[in-house]
Amino acid sequence: MSTGVLYISYDGMLEPLGQSQVLAYLEKLAPGRRIHLISFEKPHDWKDEKRRATVAGRIADAGISWHPLRYHKSPSAPATAFDIAVGTSVAIGLALRHRLNIVHARSYVAGLMALAVKRATRAAFLFDMRGFWADERVDGGLWPANGRLYRSTKKIERRLLLAADHVVTLTHASEEELRRLPYLSDQMPPLTVIPTCVDTARFVIQGPLQREPFTLGYIGSVGTWYLLDEMLRCFTALRRHRPGARLLIANRAEHDRIRASAEAHGINPAELELIAASHAEMPRVIARMTAGMALIKPAYSKIASAPTKLGEYLGCGVPVLVNRGIGDVAEIVEEHDVGVVLDGFGEAELRSGIDRMLALLSAGELPGRCRAAAEAVFSLEKGVAAYDSIYRSMLSGEGVAS
C-alpha cells in the first residue's frame, strides 16, 4: 500500500518557522509518498505575492499538494475554534478523497483536526506535540494558572496522547516527563525524540570565526520567552572586556522595542547593528558573529523546548551562550564543549559567563567542534530519517499503539 500522508500545521508555510521546520522535512520525505499539506496562513503573509509564489513553487517542485487556509487571530478562542472547524472539514475530505493512511499533526490545534480525521477514516495518527503547550501559555503569563483554558487544554492533551499511534517530542527531558504521567503508565504510545533540526547543508561554516571586532549576536524574536534584557546585559558585560565589541541582532518586526531597550541599558546606537533578514540569509548573518545567544525564560514547560537557533549557530561554527533549564540544551552544550551555560542572570553570573566564553574562544578547533555537534544532534538528515522510520513503522503496525 502506497503511503499517503496528510500533514496539518497551524503554522503558515509563508513564515520562516514553517519553511525551516515543516517544508524542509517534507521536501525530503515526499519522494515515493503522496503528501498533502494543510497550513494556516496569516493575512499579512498571504498579501506578499512574491513570497507566496516562491513558496508555492517550492512546494510544487517537491511534489507536495498544498492546501493553504486562512489563519484567524481574534477574538482568540472563537477564531481558533473556527479554524479548527474549517480545517477539520477540509482534512477529512482530503483523507477520504485521496485515501491517506497517515495523518501527521504539528502541535495541539492541528492535533484536534487530526484526531477527527483518525476517527472518520481510521488513518494512523502521528502527534508531533512540539512541547507542553498549555503549560507554556501559563508560564508565559498568557493564561491564568489552573484556569478554565488551562484545564480544558490539558484534557485535550490527554485525549491526543491517548489516541496517538505515535508521539514525537523535542527533548529527552520531556520524554521523561511524559513517561511519568499516570494515565500513560500502562498505555504509552510509541515515542520518538526528534529535536528541531537544521539543514546543515545550508547552515555551514562560512569562513574563519569572527574575532575582531568581537560580535555578540542574536537571531529571532524577543518577548515572552527570549530574554532581551538579559542578552543586552551580557553585551554590556562583554564590553567591559572588549570596548570595541558590537551587538548584532537579526529580527523581523520588533526593532523599535529593541532600540529602546538597548538605549535603556546604555548601549550606544553605534555599537548595535539591527537588521531584518530572511531565513535564506541567516547563514551569512550568523557567520558575522563571534558568539550567538539564546537566553530563554526558564520554566516547567521549557523542559520540552529545543530552540532552532542553537543548531543554526552551531552549524555555522559559532559557539553559543545559553542558560540552564531549557530542554536538553545545557547537556548538549556541555557534552560537546561548544559554548557557555549560565546558571542564572545575576551580574556575577553574567560576568562569569562572558569570562568563560572568552576563555573558550582562545582554544583551538572550536568552530569544528560546533559544526560536529550540529551534525550529531541537529542534522536535518537525521530528523528526516527518524520521520521516515516512523512513517514506515506506522504503516506496518509496528510503531502504532495497540
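Everything discussed here concerns the structure shown above.
For the structure given in this document, a descriptive report is provided here. Keep in mind that what you see is a predicted model, and the values were worked out from it rather than measured. (Residues numbered from 1 in each chain as written. Predicted model: local features only at pLDDT ≥ 70, side-chain atom pairs only at ≥ 80, totals over all residues. Heavy atoms only, no water.)

## Description of the sheet that holds strand β6 (residues 166–169)
Part 1 of the argument: Strand order in the open sheet formed by seven strands is β3-β2-β1-β4-β5-β6-β7, with parallel pairing between adjacent strands. One side of each edge strand has no neighbouring strand; the edge strands of this open sheet are β3 (65–70) and β7 (191–193). With direction set aside, neighbouring strand axes in the sheet form an average angle of 15°.
Part 2 of the argument: Judged from the three bridges that link them, strand β5 (residues 124–128) and β6 form a sheet pairing that is parallel. Note on β6: the bridge partner recorded for Leu126 is His166. (Pairing = 2+ DSSP bridges. Helix = DSSP H or I, 4+ residues; strand = E, 2+ residues; numbered from the N terminus. Axes fitted to C-alpha atoms, helices over the stretch in contact; angles between N-to-C directions.)

## Topic: the side chain of Glu41
Part 1 of the argument: Residue position: Glu41 is located in strand β2 (residues 34–41).
Part 2 of the argument: Of the side chains with opposite charge, Arg51 lies nearest to the buried Glu41, which makes no salt bridge, at 7.2 Å.
Part 3 of the argument: At a separation of 3.1 Å, a polar atom in the side chain of Glu41 contacts the main-chain amide nitrogen of Leu14.
Part 4 of the argument: Each residue touching Glu41, except ones within four places of it in the same chain, is listed here: Gly12, Met13, Leu14, Trp46, Trp66, Pro68, Leu69, Arg70 and Tyr71. (Buried < 20%, exposed > 50% of the residue type's maximum accessible area, 1.4 Å probe, protein only. Lys, Arg positive; Asp, Glu negative; His and termini not counted. Salt bridge = Lys/Arg side-chain N within 4 Å of Asp/Glu carboxyl O. Polar contact = N/O pair within 3.5 Å; in protein donor to acceptor, adjacent residues only side chain to side chain. Contact = heavy atoms within 4.5 Å.)

## Things to note about unusual backbone geometry
If a residue is not glycine, its phi is most likely negative; likewise, a peptide bond is most likely trans.
Part 1 of the argument: The step from Ser74 to Pro75 runs through a cis peptide bond, and the omega angle for that step is -10°.
Part 2 of the argument: Along the polypeptide, Pro75 turns up in the loop between β3 and α4 (76–98).
Part 3 of the argument: Pro213 follows Glu212 through a cis peptide bond whose omega is -10°.
Part 4 of the argument: Summarising the element assignment, Pro213 is placed in the loop between β7 and β8 (215–219).
Part 5 of the argument: The backbone phi angle of Arg130 is positive, close to 70°, even though this residue is not glycine.

So, to be careful, I would describe these as geometric facts and stop short of saying anything about function.
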